[in-house]
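Each chain, written out:
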Amino acid sequence: MSTYVLGIESTAHTLGMAIVDEKLNILSDVREVYRPSRSLGIDPHDAAEYLSKKAGYVFKETLKKASVTVEDIDAIAYSMGPGLGPCLRIGATIARLLSCKYNKPLYPVHHAIGHIELVRLYYNLNNPLVILVSGGHTLISSFTNNRWRVYGETLDITLGNLLDMFAREIGLGFPGGPKVEELASKGSRYIELPYTIKGTNLQFSGLLTNVVSLYKKNIYTLKDLALSLQETAFSMLVEASERALTQLNNDSIAVTGGVASNDRLYAMLVEMGEEHGLKVYRLPKRLNSDNGVQIAVVGLKMYLSNVEPVDVENAIIKQRWRLDEVEVVWR
Amino acid sequence: MEISYINEIMEKGRLIHRGAEAILYLVDFLGTKAILKLRTSKKYRNKELDNLLRRRRTAREANILYHLYKNNFPAPKLYYVNLERNAIIMEYLEGLVLKEYINKLENSDELYKIGYDIGKLVAHLHNLNVIHNDLATRNFIVTKEKRIYLIDFGLSMFSHEYKEKALDIDVFKRVLDVTHPDECDMIFDTFIQVYTKNALDSKETINFYYKLSKMGRYHIRGG
Ligand SMILES: Nc1ncnc2c1ncn2[C@@H]1O[C@H](COP(=O)(O)OP(=O)(O)O)[C@@H](O)[C@H]1O
Ligand SMILES: [Mg+2]
């Protein structure tokens, strides 16, 4: 008999649902992504409305693609936070509804733990230094004493924010990451930008302000600005990661989250890893972005470890929730 | 001083550490045991950015070491700096890196003394308007006489701002949390008490530190 777990992700612009089995096979992975208009950022209420309209479709597709019926599902996991309130509420509501209606145990999952555990389980890593770079997080983490400790992180905006906001300023639209990457690959000249690192912590907002003001001066090409932005921001992150490594005893490096799909960042990490004899792991690009699989795999682990599920009335959301607050009892 | 002389003492010296941004040798510098710190280039980094960072950090570390020496702060004495070679030659401090020292400790009472000494040390540093920016336990050296010295000023800067001081403390706390989870509280609680007593503006600094550490630091996604 197989075990099936349904994962529901809805912390920001993505409504994702996926079904995994006990061998961590991904039976289905369906998503709908809200795209804000070019000039404006993500509006949480707009996004939530969009996600709620897609919910029925995503759910049906998730079952259909997996060739699984609702009755076959053993447990449901949802992203409890951190994220945007209105979006989180959509996922939590779907999860509660399904749990009551079909009488299935319900597991709340920390979104970042989903990202981290997905890459760890996918490659069966022992003790990786994990670099999580997405729209919502930029952090360097390592597992000790039952927690994913945050060893370094951004002190202001995230790396994903930095790239998206730069892209928006120069009129590239959302999501900016891939577009900035493409532009940067054509650049040739490095322009000096603020480089701010505090031990293993980073600050990107001065960098953003500076690059935007250089853009407005109209003296540099967009390609060179994009190149310089990436080189500066990524070097900061790789340096912080290297500093973290010298203090810890990790046996591999993993990079995950949407920005992990950037090939320049990955190449830099690989070069840094080689100097320490460490391999760098990254998921197939599709799994770097927010998805239901990351929630389902953690739910599966909780279910298989007999973690107490939450009652429907306690299946709340947490807009703010630090990664290192979560005690990982199911590993 | 000629670069060829630096290269010569380096070749005759003993490599003692290959770190995140520098290689360190124990050398004989004009008849004195000394540490040669060379900031080496990073393969992953854009060449221009790499040169710029190495030069700037070498200059900054030299400046700060000199400032600290003049103010009787326990850090290695600066002997010589060469910005072409990104090289610093400084006093050799015989002892153990704090990280190893803690790991080898048998008596946990010592943890209070460590917290106490570092509280005084960081207060002294901040009172000299220097922010270290990498207060990790591998950047302290404990000598045979159990005196604690601070090293590695490549990320340091001059500032009197309490926010920067609070960030320094935040870095220290995180390092303790991750690398010394069992000893963290004993060291840190004493550290905070002693720092508060000895540092200028410590109220603002500590309040801001607590604000920082409580902040969820979840950032609303831009779009
Ligand atoms: N003045 C010194 N005396 C003795 N050992 C030192 C001295 N400076 C550095 N070291 C040793 O070299 C290591 C790395 O030095 P550091 O200046 O921190 O460079 P990095 O930037 O690579 O961390 C230290 O952890 C310490 O073991
Ligand atoms: Mg050091």
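Residues numbered from 1 in each chain as written. Chains lettered and ligands numbered in written order. Predicted model: local features only at pLDDT ≥ 70, side-chain atom pairs only at ≥ 80, totals over all residues. Heavy atoms only, no water.

### Notes on the coordination of the magnesium ion (ligand 2)
Residues and elements named next belong to chain B.
- Looking at the magnesium ion (ligand 2), one finds its protein donor set to be Asn 139 (OD1) and Asp 152 (OD), positioned 2.2 Å from the metal centre. Of this pair, Asn 139 sits in the loop between β7 (130-131) and β8 (140-143) while Asp 152 sits in the loop between β9 (148-150) and β10 (157-158), and the two are 13 residues apart along the sequence.
- Among the residues examined, Asn 139 registers a relative accessible area of 3% and is labelled buried.
- Relative accessible area serves as the criterion here: at 17%, Asp 152 is assigned to the buried category. (Donors = N, O, S within 2.8 Å, 3.2 Å for Na, K, Ca; no water. Helix = DSSP H or I, 4+ residues; strand = E, 2+ residues; numbered from the N terminus. Buried < 20%, exposed > 50% of the residue type's maximum accessible area, 1.4 Å probe, protein only.)

### Section: the sheet that holds strand β4 (residues 78-82) of chain B
All names here are of chain B.
- Taken in spatial order, the five strands make up an open sheet running β1-β2-β3-β5-β4, and their pairing is antiparallel. Edge positions in the sheet fall to β1 (14-18) and β4, since each has one partner strand and no second. Each adjacent strand pair in this sheet contributes to an overall mean axis angle of 20°, direction not counted.
- Alignment of β4 against strand β5 (residues 87-91), held across four bridges, turns out to be antiparallel. Across the sheet, the residue bridging to Leu 78 is Met 90, located in β5.
- Most of the contacts of helix α1 (residues 3-12) go to strand β2 (residues 22-29), to which it runs at about 95°, and overall it touches β1, β2, β3 (32-39), β4 and β5. (Pairing = 2+ DSSP bridges. Axes fitted to C-alpha atoms, helices over the stretch in contact; angles between N-to-C directions. Contact = heavy atoms within 4.5 Å.)

### Topic: the site of ligand 1
Residue and element names in this part refer to chain B.
- Close to ligand 1 lie 19 residues, the nearest being Lys 37, Glu 91, Leu 93, Asn 139 and Asp 152.
- Arg 138 places a polar main-chain atom, nitrogen or oxygen, 3.2 Å from an oxygen atom of ligand 1.
- A distance of 2.9 Å separates an oxygen atom of ligand 1 from a polar side-chain atom of Asp 152.
- Coverage of ligand 1 by the protein chains reaches 92% of its 550 Å² of free accessible surface. (Near = heavy atom within 4 Å. Polar contact = N/O pair within 3.5 Å; in protein donor to acceptor, adjacent residues only side chain to side chain. Areas by Shrake-Rupley, 256 points an atom, 1.4 Å probe, with all protein chains shown as cover.)

### Overview of the sheet that holds strand β6 (residues 95-97) of chain B
All names here are of chain B.
- Within the open sheet, the three strands sit side by side as β6-β8-β9. Their pairing is antiparallel. The sheet is open, and its two edges are formed by β6 and β9, each paired on a single side. On average, each strand axis in the sheet is inclined to that of its neighbour by 30°, with strand direction left out of account.
- With three bridges joining them, β6 and β8 adopt antiparallel strand pairing. Within the sheet, the bridge partner assigned to Val 97 lies in β8 and is Ile 141.

### A short note on helix α8 (residues 263-275) of chain A
Residues and elements named next belong to chain A.
- When the terminal C-alpha atoms of α8 are compared, their 19 Å separation across 13 residues agrees well with the 18 Å that a helix rising 1.5 Å per residue should span.
- Within α8, the full set of buried residues consists of Leu 265, Met 268, Leu 269, Met 272 and Gly 273. The buried residues of α8 all sit within an arc of 135° when viewed along its axis, so they share a single face.
- Those residues of α8 that are buried are in contact with β6 (128-133), α7 (222-247), β11 (252-256) and β12 (280-282).
- Sitting at the head of α8, Asn 262 places a side-chain oxygen 2.9 Å from the backbone nitrogen of Arg 264. (Expected span 1.5 Å × (residues − 1). Arc of directions from axis to C-beta.)

### Here we look at the interface of chain B and chain A
- With 42 residues of chain B at the contact, the number on the chain A side is 56 residues.
- Between chain B and chain A, the buried area comes to about 4,400 Å², and carbon and sulfur atoms account for 51% of it.
- The interface formed by chain B and chain A holds ten salt bridges in total.
- In this structure, Lys 198 of chain A and Glu 164 of chain B form a salt bridge, with 2.8 Å as the shortest nitrogen-oxygen distance.
- Taken together, the connections running from chain B to chain A amount to eleven residue pairs in polar contact (both at pLDDT 80 or more). (Buried area = accessible area lost by both parts, 1.4 Å probe. Salt bridge = Lys/Arg side-chain N within 4 Å of Asp/Glu carboxyl O.)

### Description of the nonpolar core
- Core analysis: the largest hydrophobic core is formed by 72 residues, its most contacted members being Leu 6 and Ile 8 of chain A.
- No fewer than three residues from each of domain 1 (4-115 + 288-325) and domain 2 (128-285) of chain A sit in this core.
- Here Ile 8 of chain A is in contact with Leu 15, Gly 16, Met 17, Ile 76, Ala 77, Tyr 78, Ser 79, Gly 91, Ile 94, Ala 95, Leu 98 and Ile 295 of chain A, once residues within four sequence places are set aside.
- Within the second largest apolar cluster, 59 residues are counted, among which are Leu 163 and Ala 240 of chain A together with Ala 136 and Val 178 of chain B. (Core = buried A, V, L, I, M, F, W, Y, C linked by side-chain atoms within 4.5 Å. Domains from an automatic or database assignment.)

### Side note on the domain arrangement of chain A
Residues and elements named next belong to chain A.
- Each assigned domain of chain A is listed here: domain 1 (4-115 + 288-325) and domain 2 (128-285).
- The distance between the C-alpha centroids of domain 1 and domain 2 comes to 27 Å.
- Taken together, the contact pairs 20 residues of domain 1 with 25 residues of domain 2.
- Put simply, domain 1 and domain 2 have one salt bridge between them.
- The partner of Arg 322 in a salt bridge is Glu 153, with the nearest N and O atoms 3.2 Å apart.
- Per element, the largest residue contribution to the side of domain 1 that touches domain 2 is four residues, and it comes from helix α3 (residues 111-122).
- The residue inventory of the side of domain 1 that touches domain 2, partitioned by class, reads seven nonpolar, eight polar and five charged. (Nonpolar A, V, L, I, M, F, W, Y, C, P; charged D, E, K, R; others polar.)

### Structural notes on empty space enclosed by the protein
All names here are of chain B.
- By the definition in use, this model includes two cavities of 30 Å³ or more.
- Taken as a whole, the second largest cavity encloses approximately 40 Å³ of empty space.
- Lining of the second largest cavity is provided by Tyr 101, Glu 110, Lys 113, Ile 114, Asp 117, Val 142, Lys 146 and Ile 148.
- The element best represented in the lining of the second largest cavity is helix α4 (residues 109-127), accounting for four residues. (1 Å grid on protein atoms, 1.4 Å probe; cavity = no way out; pocket = protein on both sides within 12 Å on 5 of 7 lines; lining within 4 Å. Points joined across faces, edges and corners; volume = space filled by probe spheres on them.)

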